[in-house]
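Working through the structure, step by step
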Amino acid sequence: MTISSKASRFQRGVITVAIASSAAMALSACGSKTMPVNKTQSETINRLEQRIEQLERQVGEQLPTPSDTSSKVPTGPVSSITMRTGTSDDRLRIYWADGTRSDLPCTKEQNTWACG
C-alpha cells in the first residue's frame, strides 16, 4: 500500500467520522419531540461544523504528494488475477476492468511467494 493510498484512506476516515458525528448530532436533535433547537445549540452545531471543515483542510494540506505520478495502477475494479510460476518470468498479472493489465514480478522466498 502506497503512502498516497494510506493518506487517502486516512482522509476518507476523517471525513466519515465527521459526517457520522454531524449526522448523530442532527438525529439526536430531531429525536426530542418537545425540545426545539435553541440558539445556543444552533451556535454549537455551527462551531462544530466549522471545526470539522478546518480539520479536513488541515488533513488535506498535510497529505504527502504522491511520489509516482505515472499512473501505473489504473483506478477501478480488478477483472481477474493470474500467477505464472515455474518459468523464467514468474509474475502476478492483474487484469483491470478498463482492459489494461499490470505485471508484478514474483520470487519464492522460503516457500512463500513475494510479488511486487
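I will try to describe carefully the structure that is included in this document. Quantities reported herein were computed from a predicted structural model and do not represent experimental measurements. For every chain, the first residue of its written sequence is number 1, and the numbers climb from 1 along that sequence. Thresholds applied to this predicted model are a pLDDT of at least 70 for local features of residues and 80 or more for the giving and counting of side-chain atom pairs; totals over whole chains, interfaces and linings are not thresholded and use all residues. Side-chain calculation: all heavy atoms of the structure are included, whereas hydrogens and water are not.

1. Re the pattern of salt bridges
We count it as follows: In the sections that follow, a salt bridge refers to a side-chain nitrogen of Lys or Arg positioned within 4 Å of a carboxyl oxygen of Asp or Glu. Helix and strand assignments come from DSSP, with helices taken as H or I runs of at least 4 residues and strands as E runs of at least 2, each series counted from the N terminus. Think of it in three bands: with a 1.4 Å probe and only protein chains considered, a residue is buried below 20% of the maximum accessible area for its type, exposed above 50%, and partly exposed in between.
Here the structure, examined in full by the defined rule, presents 4 salt bridges. The shortest N-O distance in the salt bridge between Asp89 and Arg84 comes to 3.7 Å. Salt-bridge contacts for Arg91 lead to Asp103; the nearest nitrogen and oxygen are separated by 3.8 Å. Here Arg91 is found in strand β2 (residues 91–96), whereas its partner Asp103 is found in strand β3 (residues 101–109), with 12 residues between them in sequence. For Asp103, a relative accessible area of 37% translates into the label partly exposed. Through salt bridges with shared partners, a single network forms among Arg84, Asp89, Arg91, Arg93 and Asp103.

2. Here we look at the pairing of strand β4 (residues 112–115)
Rules: DSSP calls a pair of strands paired once it identifies at least 2 bridges connecting them.
Here β3 pairs with β4 via 4 bridges, running antiparallel. In the strand pairing of β4, Cys106 is matched with Cys115. Here β3 hands over to β4 after 2 residues, with Gln110 in that stretch at a positive phi of 50 degrees.

3. Concerning the sheet that holds strand β1 (residues 78–84)
Heads up, the rule is: Structural elements are reduced to axes, namely lines fitted to C-alpha atoms, with helices fitted over the stretch in contact, and the angle between N-to-C directions of any two is expressed from 0 to 180 degrees.
An order of β1-β2-β3-β4 is seen for the 4 strands of this open sheet, with the pairing classed as antiparallel. Strands with a single pairing partner mark the edges of an open sheet, and in this sheet they are β1 and β4. Between one strand axis and the next, the sheet turns by 25 degrees as a mean value, whatever way the strands run.

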